[in-house]
Structures are given as C-alpha cells and as structure tokens.
Amino acid sequence: MGALRDIAIIAKWEVKKTFTMMGRNVLPLAIVLFVLLILVTGFAAQSGMHLQDGMYRVAVDDPELGQLIADDPRFEVYRYPGRILSWEDNLYDLIIIRGQVYYRGTDKSRSALKTVERNYGKYVNNVYNTADDLFAAYPLWIDTQSVKSELDFLATQSGQYVSAAPARGGAPVPEGEIAIIPTPSPELGVTMEEIRAELIQTGGQDTQISRYTEILSSGSSTMGSFRTPAQLSPPLPFDSIILIFVFVFPLYFTSQFFMMSIMNERIERRGEILLSTPVKTSSIIIGKMLPYFIGMVVICGGITAWIGASPIIMLPLIPVIFFFLANALIIGMISRSFKELSFISIFFSTVATSYLFFPSIFANVHVISLVSPLTLIVLTLQGTAWTLTDYLYSTSLFWLTGAVLFAIGAKNFKEERLFSEKSLTSRMREFLSEVISEKRPFLSLFLITGFTIPFIFMVQLMCLVLFFNLPMPYSLILLLMFAALVEEIAKGIGIYTLYVRKPGFFSTRNLLLACGATALGFLIGEKLLLFVTLAQITESVFGSILFLSIGALWLPLLLHFVCVLIVATCLKYGGRGWFVPGLAIAMVVHCLYNLYFILGWLS
Amino acid sequence: MKAKHLSIIAKKEFRGLISERTILLAILLQLFIALFSSFLMVGLTSMYDPSSLSKYSRFKYNIAYAGNDSALYGYLEESGDFRVYRMDLSTGVAALEQRKLSAVVYVPDTAPDSADPVKITMYTLTNDLQSAIVDVKLKEIYLKYETDLRAIRADRITEKPVPLAIPKAAGGGDFYEFVYGLLIPLLVFMPAIIASALIIDLITEEYQHDTLETLISTPVTFTEMVWGKVLACEVLVPVQAGVWIVLLMINGIAIQNAGLILVQVSVTSFILILLGALVALHYRERTAAQFIFSTALVVVMLFALALPDNPLNLLTRLAVGTAGMEQWVVLGVTVAIIIGLGILMHTYAEKVGRTHQSG
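Every chain is numbered on its own, with residues counted from 1 as its sequence reads. Chains carry letters from A onward and ligands carry numbers from 1 onward, assigned in written order. The predicted origin of the model limits local features to residues at a pLDDT of at least 70 and limits the giving and counting of side-chain atom pairs to 80 or more, whereas totals for whole chains, interfaces and linings rest on all residues. In computing side-chain values, all of the structure's heavy atoms are included and hydrogens and water are not.

(A) Region of the structure containing the overall build of chain A. Only DSSP runs of H or I with at least four residues qualify as helices, and only runs of E with at least two residues qualify as strands; both kinds are numbered from the N terminus onward. A count of helical and extended segments in chain A gives 22 helices and 6 strands. The burial tally for chain A puts 54% of its 603 residues in the buried class. For every residue, the accessible area (1.4 Å probe, protein chains only) is compared with the maximum for its type, and the residue is labelled buried under 20%, exposed over 50%, or partly exposed between those bounds.

(B) Representation of the nonpolar core. Throughout, nonpolar core names a set of buried Ala, Val, Leu, Ile, Met, Phe, Trp, Tyr and Cys residues whose side chains join them through atoms within 4.5 Å. Ranked by size, the top nonpolar core spans 197 residues in total, and within it Phe247 and Phe324 of chain A together with Phe222 and Val230 of chain B carry the most contacts. Looking at this core element by element, the count peaks at 18 residues for helix H7 (residues 176-208) of chain B. When neighbours within four sequence positions are excluded, Val230 of chain B is seen to be in contact with Ile199, Phe270, Ile273, Leu274, Ala277 and Met345 of chain B. What makes two residues a contact is simply this: any of their non-hydrogen atoms within 4.5 Å.

(C) Just the side chain of Thr121 of chain B, in detail. Examined against the element boundaries, Thr121 of chain B turns out to sit in strand E4 (residues 118-125). What makes Thr121 of chain B buried here is its relative accessible area of 2%. When sequence neighbours within four positions are dropped, the list of residues in contact with Thr121 of chain B reads Asp143, Gln145 and Pro184 of chain A together with Val104, Val105 and Tyr106 of chain B.

(D) Region of the structure containing the packing of helix H9 (residues 222-250) of chain B against helix H10 (residues 258-283) of chain B. Residue and element names in this part refer to chain B. At their nearest, the axes of H9 and H10 sit 9 Å apart, and the two run at 145° to each other. As H9 packs across H10, the resulting crossing turns out to be right-handed. Residues Phe222, Val226, Trp227, Val230, Cys233, Glu234, Val237, Pro238, Ala241, Gly242 and Ile245 of H9 pack against Ala258, Ile261, Leu262, Val265, Ser266, Val267, Ser269, Phe270, Ile273, Leu274, Ala277 and Leu281 of H10. Residue polarity follows a fixed list, in which Ala, Val, Leu, Ile, Met, Phe, Trp, Tyr, Cys and Pro are nonpolar, Asp, Glu, Lys and Arg are charged, and the others, Gly among them, are polar. Split by residue class, the contact of H9 with H10 holds 19 nonpolar, 3 polar and 1 charged. What counts as an axis is a line fitted to C-alpha atoms, over the stretch in contact for a helix, and the angles between N-to-C directions run from 0 to 180 degrees. For a crossing to be left-handed, the near helix must be turned anticlockwise from the far one by less than a right angle; the clockwise case is right-handed.

(E) Region of the structure containing the sheet that holds strand E2 (residues 75-79) of chain A. All names here are of chain A. Two strands form a pair only when DSSP identifies at least two bridges running between them. The strand order across the open sheet formed by 4 strands is E2-E1-E3-E4, and the pairing between neighbours is mixed. With partners counted over all chains shown, the strands left at the sheet margins are E2 and strand E4 (100-103), one partner each. If you compare each strand with its neighbour and ignore which way they point, the axes differ by 25° on average. Against the sheet, helix H2 (residues 63-70) contacts strand E1 (56-60), E2 and strand E3 (94-97), and its axis sits at roughly 165° relative to E2.

(F) Summary view of the sheet that holds strand E6 (residues 226-227) of chain A. Strand order across the open sheet formed by 6 strands is E6(A)-E5(A)-E4(B)-E3(B)-E1(B)-E2(B), with mixed pairing between neighbours. This sheet does not close on itself; its edge strands, each paired only once, are E6 of chain A together with strand E2 (82-86) of chain B. Contacting strand E1 (61-67), E2, strand E3 (103-107) and E4 of chain B, helix H4 (residues 71-78) of chain B runs over the sheet at an angle of about 140° to E2 of chain B.

(G) View of the confidence of the model for chain B. Scored from 0 to 100, pLDDT records how confident the predictor is in each individual residue. Per-residue pLDDT for chain B averages 82, and the proportion of residues at 70 or more is 86%. Here helix H3 (residues 37-48) of chain B stands out as the least confident element of chain B, with mean pLDDT 52; H10 of chain B is the most confident, with 93.

Dropping the structure here:
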C-alpha cells in the first residue's frame, strides 16, 4: 500500500510541476497559436495547397481549352505561337493544337500528359453530371464486393505473392465446399436524382484525399458500394500510413514531455531531492510516468471515439504506449545534452515508425503483418476479428522490451548514473554494468542474455520485413548475415561490459563459465519466447534462418558457446580493440553453421 | 559585434556536435531513409497514385466471368493482362477466396440500349497489393466498355464536353510528380526544420545548464553568442540539404539548379532558425520552447503552403526547371522577412543580455 501512495504522490507532483511551468507563460501563447492554426487551416482549405504550382508549361491554340487546362495550377498555359518553334528549347511540355495533344519523350512531358488526362476526365464527368438522362451519360456501374482471404506463411515461403497461374486450358477449381453466392440484382436500387446529387458531391472532392478520410470515417454514401468506372479507385494497400499519423504521432509528441521531464531531473542535480526521499526508485519512475501514460491513453481514446471506432483498438495501442514510454525513459537518462536528446529521439521515432508501418502494409495478405500492432488496428477498423494468439504474437515483444527497459532504467535511476556526463556508448555500458551483480556474475550474464532475446527478435523481424522486398537469393543472404551479427552482438555485450569493468576477472576458468552462462541464457530465452509467440514464422524458410534448430538442443548450445568463446578470447588476449574483429569472426562461424543446416535442409 | 567572436561560438557548437557524435546519428538516419528509398518509392508512390502499380506486373491474371454475354467478355479476352474463364458465380468466388483467381466479374442481363444502367458486380480481395493492380487493369477495360455503351445511348445525351484527343503515352512519368512535387521539396527542406529545433536546444542549454555566466564573463557578448549559435545552425542546412540532393541523384533522380535550390533552402531556413531563437530566448526552457515552436512551425508552414509562389513550391519549380523571374521576387521577400526578424532578434537579445549583465 505504501508504494501505491508514493506513486500517487509523485504523479500528482509531476502534474503540478508541469502545469506551473507550462501554465504561466505558455498557455496564453498556446491558445493564440491554436486559434491561428484554425484560421490558417481555413485559409489553406480555401486557397488549396500550392506545392506543385507551375510544374508544367503548355501551349494551347484554343482559349476555351486553355482555360480548362489553366484551372489546374500545376499548369502554366501559354498561347500557342502559331507554329512549333522548336521542341529543342524545352519551353513546353505539351502542345495542344486543334483539339489534339502532342507530347514529348521526356518523363516530365508524359507526367504532364497523365495529369491532363485525369483533369479532362474530371471535366467530362462534370459535364455529364448535368445530363437529363443520367443513365445514358453513365451507362455502366460497377458494384465492388470485397472478399477476404488469408494466406498462411507456408504458401509464400519464397517471400513472393502467390501467382494465380494454373496450367493452361483448365479453369481453376476450388477445393472443399463451395458456399452459394446469391445472384446479384441487376438494379441499382436508388433513384436517378439521388445518384446525381452524390455524383456532384463526389465530383467536387479530390479522390486522392477523400480516400484517406474515408478510411477513418465509416462514412455511408447513399450509393452503396457501386461506382462508375471512372470513380473506381483501387483498394489501398497502404492505408495504415494514415493510422501512423492519427494514432502514433500524438504518442511521439507526448512521450517527448516525459523524456524532457526525466532530463530535467538530471540537469543541475535537481532530482537529488527526489532521490533523497525514502521512496523506492521504481515508485518514482512509475509515478513520473503515470500522468503521461494516462494522458496518452486519453488522447488515443479521444481519437478512437472521434472516428467512431471500436474501443478494442485501445488494446494493441497500450503496449505501444508502454514501449514508447520505456524508450523515452532510457533516452532521457542517457542523453548528455538537449541536442543529443533531439537527435536520439528523432532516430528512435523513425525506426519505431518503420517497425510499426512496414509490416502493416501486408495486412490481410500475410501473417507477417501481425508483427506490428498497427495491423490489429487495421483489422479492427475493417471489422475483422482477431484472436488472443494474434494479440500475443504482435504485442508480446512490445511488452517484454518495454519491461526490460523499465527494469534497467529503475536499476540505474540513482545519483552516480543520473548526474554524470559520459559519452553515449560508455553510458549504455555503465547501465548494463549496473545490472551485472558483483557476487553472482554468471547468473547475471545468464539473465541478461536471456532478456536480450525480445530485442533481438524485434531487430531481426524488422530486417525480415525490410529484406522481404528484395529478390529471393539476396534477401536470404542478407538476412542470414544480419541475423548472425545481431545475435553475436547481443551475446557479446554482456561479456564486453564485464571485461571493461574488471579486465582481470577473465581467468580461463571464468572465461569458460561466462561463455557457458551466456550461451545457456541465450538458448533458453530463445526457446521460451519462440514457443510462446512465433510458431507461425518459425515454420517458413525465413524462420529457419532466424530461429533455426528447434530439434536438437545441444547443437545450438554448442554453436552459441563457441561463438561467445571466440569473442571473449579475442577480448582477453587482444583487449577492447579486438571486440569488433571478434564479433566478425563469430558472425562468420554462425553464418557457416546456419548455411550448412539450411543447405542440408533444402536438399 | 565581432566576426571573430561569432566564429568562436559557431566553432564551439560544431565541436560539441561532433564530440557527442549526435551528428553521426543524423547522418545515419539520412542513410537509413535513403537505403530503403526504393521501398519508400514504391510504397509512397502507390499511396500517392495507386494506378502506377500496374506497371510492376507483366503476367496474366486469372479472372472468372459469370452471368450473361456482353462485349465486356470480348474486351477481357483481347486484353493481354487476363486469362478469362467462364464460371459459375459461386464456384468463382470460392476459387477467389483460395487465391486461385484474382477477380470475379458478374454481368447481368441488361440490354446495351436499355433505359436502365448496366450494373456489373465485381468480387476482389480485400486490401491487397495484387488486387490493387488487377483493379487498375480492370478499370481500363470498364472504361472502354463504358465508352461503347455511351455511344449506343448517344442520342439521349444532351450535354457534350469540348473534345480533346489525348494520345496514349508509352509508360514512364508515373513517379515524376511524386518525386519532384513532393519528395524533393520535403526532403530538402527537412534539414531546415532540424536546424531550427537545434537552435532551441543550443540556447536553452546555456540557461538550463547554467553555463551562461561563464560565457558572458568572456569578451564575447550575449548577442554575439546568440548570433554565433544561429550561424552554426545555418551552416548545417546547406550541408545536409546538399547530402540529400546527392543521395537523390545517386538514386537516378536528375535535379536541375541544385545550387539555386541550396540558396533558397538556406535563406528560407534562416527565417525558421530566427523564429526558433526568438522563442528560445523568450522561454529559456526547452520543453516550453519546443512545444510553442513546433506548434508555431505547423502554423507557419501551413500558411506558407497556402500562398502561391511559396518557397517550397519554388524548390519544386527549380528542380524541374520551370522557375522564372519570380524566384528572385520570392528571394527578396524572404530576405526582407529575415532582416526584420534579425533586427527583432538582435534587439531582444541585447535587451536580455543587459539584464544578464546587470543581474
């Protein structure tokens, strides 16, 4: 109970401090800026975005057509001088004479042509919208019905899409039972005037933008699912980017405040008072974090309510929030200066965005997309159900890494760490060193290596997602090398930290023991996490590289042991300078081992 | 103000950036983005214009045709993109679910010259890359069929648009507008935003780390110190923007007027840096200053983008080589704003400096 009361007190204190600091000077200006923002948004909506104005030059002989082209500010329209002077002077991208468009062989000219084509199509539609007999002007309507299909990972072992191309001649035959699809009605079921109103309304808005707004609003048009061919825009495979903007960016913004609050405690030893109280460090951290956590949950809840989505969305978001806060804590604790804080946080947010965004592109296509919690949000918005296993699968790494980072942060939240100024890498080493116990170094090594596993999986999955796009042999080779390197680094850092702290510690006996502890910790951590979460991926080719060796346990144990031993021996006899070469050698050994088994596996 | 003092301060800041290796992180970040630019390119472009995806596939897709005969069947047969099978609707949809087909088209029994519209039902897979391509290809065929139907019903159409014959362009040009009209201005302008965030860090740091006293006790005045920091940030902008331009060129994107682009970016970023410096001098505390500045940045950027001939638009025009005399007008206006802001910042810094000297 005492701890809870402490947390509440610290949280209250944090809120009060933030508000007194922000309140006096910032609030009035913030309100002014907010009002300005609304005004400017209105202005921008009225005048449009002028980013691409005047990109193309067009010469036209007919003033009516010239006006039509000039309606799009991307075009600068010139009066056609009477004869083609010369293409060579590069003056015009397009020339329009007697209702015929002429273009050049450059990319720019072709791009201009495409834009004219699109604009002309829009203009034609606007003319037809006023036609008396709407069904003569729009004789064809397409009713799009979406069908859901999920692939299992095994089907796309090669990392490519299934190409639906059976042998020539025969029509494909579905397996299993065939559900009866009712014959669609040939009628639209709406009156002509209703359609006209809808056409005029949709004709006004830019389909490029409205598609994105439609993702968020479960908007219902009177027309239902059918469109004219011109209105048909393909389904977006990249709609999750909008979710990044809507859900994840506010989280970055808020976690910045937490980062700054931690940093502020360190400036001029201000946090000393806090540390001198009889409150446990974990309570201090949780107390300081709580207001931001609640704030972020409220923001996400607000957005969810605003777009009218199901509150289930919050479930995958909470581990993301937790993960961001854990990283903010560590970033706030290791940065030496504000500029370092800025750059590290920008770096972190780019990498985290990639991790969240890239896999979710493949939502509905591939099981790999479930690596990112954003996919669950995409699925929820679509109204597709997901299971508890899916949830564990996509969020467990966020929970685990977040928790490990918090533990490291809490352990290091004390005077000598907070108020010293050292370079980034040596600070990180000190943080780790703090976690390695003096009395039981081997147990610590065992645990540390075990706890690096979630991080390794995160990095490796990120590589998997990125290399997924490369052609087959390259993606495998790159993945092979990266996977080995990441694992060797993870195993090596514990030993390295211990070596730097106490170079004399590594007698031959201790060296062997340390390597054994590390290898064992790695193996057990890997297997534990594998069985909990990643069964699906482990069954594919990619999985076999990342998490080879489900079967015999002594073989991987030996591999891990040998690799760590290489690194440790290099350290012992070569000193700190030999750490990187040692890693390289270990990586090669690891790669060869993997290659042998994959080659064997393939043949 | 002494030039020597300014350069001393600027050098000090550079040393700080280099010794902390933060600048390395920034470069790493740039490389990270550039490395995956091919992926970004395909991804973002298709977001921007999904129809560009269709050029990525050159093999035939299987589709099922169900329902009644129509000219559409002929068009599908003719097209090199599809292999059409006549199938029962239910069988087709079941095959689609198992990904043995890419789409199923159902055509009803409506006469081409009927008073009613022809309503085709199309079954596709949800939200997937391949079906995006198939949809684009099907759209072309639907448009052809629509033109036919329109011609049959032509006597019933009263309003006719001005005719314009547009030739079918042979591929290419899909990425042009995206690369030159969005990617280049945003990437090249990113260093300006980073630099203006940096100036806030540099100034508030002196306050919050209490290093100001030491600095002022040297011959360098407070105003000189602020200008030195502004200078350091300003120098970073053309360097980083230049790196972007080189990276883009390595990726095969030809950029015209690279020098003029750097001039425009450097000048425009000066406005943002001065704004950042003003905010930092006023608040002297990072959280508040960054919060106010980032909100102000959104307002300023949105306002600028809504104006015709804004500096970002100018970057686009310079890159494609359509910028005319107006670039010098814009440059003149930007410089005028800089002089105004510069005087404001200078006076403010002097005022702040006096209070420090007396207090």
